[in-house]
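# Structural overview
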Amino acid sequence: MGKERNNFAEPLAMLLDKGERMLLQMGDKSPHVAKADGVYDDMRHDWWTSGFWPGILWILYDLTGKEQYKEAAWGWDEKFERKMMQDNNFHHDVGFQFLPTAVIKHKLTGDPDALRRGLFAANFLAGRYNLAGRFLRAWNQEKLGWSIIDSTMNLSLLFWAAETSNDPRFAHIAKAHADTVVEHFIREDGSVRHIVNFDPETGEYLGAIGGQGAGPDSAWSRGAAWALYGMANAYTYTGDEKYMRASQRVANFFIANLPSDDVPHWDFRASEDLENEPRDTSAGACAASGLLELASILPGNEGSVYLRAAERILTSLHHNYATWDLPSHDAILVQATGHKPAGENVDVSLIYGDYFFVEAIAKLNGWKSRIF
Ligand code: GLY
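Residues numbered from 1 in each chain as written. Predicted model: local features only at pLDDT ≥ 70, side-chain atom pairs only at ≥ 80, totals over all residues. Heavy atoms only, no water.

### Describing the side chain of Ser316
With respect to the helices and strands, the residue Ser316 is situated in helix H12 (residues 300–320). Ser316 gets classed as buried once you look at its relative accessible area, which sits at 7%. Apart from residues no more than four positions distant in its own chain, Ser316 is found in contact with Asp261, Val263 and Tyr321. (Helix = DSSP H or I, 4+ residues; strand = E, 2+ residues; numbered from the N terminus. Buried < 20%, exposed > 50% of the residue type's maximum accessible area, 1.4 Å probe, protein only. Contact = heavy atoms within 4.5 Å.)

Right under this line is the structure:
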């Protein structure tokens, strides 16, 4: 099996068409979820998903060179900076917010204000590190010792800051947290825990919590996507094969548990009646983009397995879950699941699903500027 790529020019052409319409439909909104009416909401700017729409805009700008995308993307990092100085609820997800805004803006345009904002966010994230337990604290309201798998994706902000500022402290923190993920979040079989609780004083491991998964022993599919992609990134930044093997372990579990149409259910162990559980297209899109990273770092046939899996997921999303026939729908993908145990945002469109679909299709068409 070679590493040649299938032609993903068709979904790219459809995305470029969709992007023009989304630009008009979205206006100044900060989209998070679109329900049955197909209209994206307008979330507050410190909500963890606020970077994804600007991220789509920066990718579209990078692919097309069209100024309209740059103009629409330009002001987001400044909005976040302003919000950071006011009453706010920013937390460990500043990576999801500042990588697709300040950091990519600085990479593409050299803007010095964007650089300052990216480094400010990295300092904020580094400040959440707990020395005793070697983990990044997740949220603000929940327990001091809670750490979550999603943070694995935010580590790229710290690795970027280390490279950009030539200050290894950021990378030391990122690696220490990544080691904790390998030790306490990724199980032997490649399934992944969502929340792990540590004693914030001693760092002692206290146990797993189900969180957005079905339970402490379940296998939340988006958590697996965050893990496989984040671990591949940790390898890319450090060259430490432990992270690559961890990413592969999760990827193998993810691929082996996909249903026949290659788009995951919201939790691979949701119930006995898995076929009737909701899908999570956002997990599929994020995992596909992460699998493309794995494919690019692994040689020969080993990498091809992940490339082919990513292509199968993306082909199914393109043919079975995209809104190409619904031009007035704000979103790109349907059938995503946000937080099933809380009964929130089930069978909806989620902006991060759209983002990772755009990112993955862009990668398959030769896009090289990385955001995560
Ligand atoms: N980072 C929260 C989620 O994946 O829903």
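Further notes follow.
### Considerations on the site of the ligand
As a matter of local geometry, the ligand sits amid Trp48, Asp150, Gln212, Trp220, Arg222, Trp226 and Tyr352. A distance of 2.7 Å separates an oxygen atom of the ligand from a polar atom in the side chain of Gln212. Between the ligand and the protein, one listed contact pairs an oxygen atom with a side-chain N or O atom of Trp226 at 3.1 Å. In isolation the ligand offers 200 Å² of accessible surface; the protein chains occlude 94% of this area. (Near = heavy atom within 4 Å. Polar contact = N/O pair within 3.5 Å; in protein donor to acceptor, adjacent residues only side chain to side chain. Areas by Shrake-Rupley, 256 points an atom, 1.4 Å probe, with all protein chains shown as cover.)

### A word on the sheet that holds strand S6 (residues 205–209)
Pairing is antiparallel in the open sheet, where 3 strands are placed in the order S4-S5-S6. Single-partner strands in this sheet number two, and they are strand S4 (146–148) and S6. In this sheet, adjacent strand axes meet at a mean angle of 25° when their direction is disregarded. In terms of strand pairing, S4 meets strand S5 (residues 195–198) through 3 bridges, oriented antiparallel. Of the residues in S5, the one forming a bridge with Ile148 is Ile195. (Pairing = 2+ DSSP bridges. Axes fitted to C-alpha atoms, helices over the stretch in contact; angles between N-to-C directions.)

### What to know about the packing of helix H7 (residues 151–165) against helix H9 (residues 221–238)
With their axes 8 Å apart at the nearest point, H7 and H9 run at an angle of 20° to one another. In this view, H7 runs roughly parallel relative to H9, as classed from their interaxial angle. The way H7 lies across H9 gives a crossing that is left-handed. Across the interface between the two elements, Thr152, Met153, Ser156, Phe159, Trp160 and Glu163 of H7 pack against Trp226, Ala227, Tyr229, Gly230, Met231, Asn233, Ala234, Tyr237 and Thr238 of H9. Considering only residue class, the contact of H7 with H9 consists of 9 nonpolar, 5 polar and 1 charged. (Parallel < 35°, antiparallel > 145°, perpendicular 65-115°, else oblique. Left-handed = near helix turned anticlockwise from the far one by under 90°. Nonpolar A, V, L, I, M, F, W, Y, C, P; charged D, E, K, R; others polar.)

### Focus on helix H10 (residues 241–256)
For the α-helix, the turn length of 3.6 residues means that residues three or four positions removed from each other point alike. The first and last C-alpha atoms of H10 sit 22 Å apart over 16 residues, in line with the 22 Å expected at 1.5 Å per residue. Along H10, the residues classified as buried are Tyr243, Met244, Ala246, Ser247, Gln248, Val250, Ala251, Phe253, Phe254 and Ile255. Tucked into the core, H10 has its buried residues touching helix H8 (169–184), H9, helix H11 (281–297) and H12. The N-cap residue of H10 is Asp240: its side-chain oxygen and the backbone nitrogen of Lys242 are 3.0 Å apart. (Expected span 1.5 Å × (residues − 1).)

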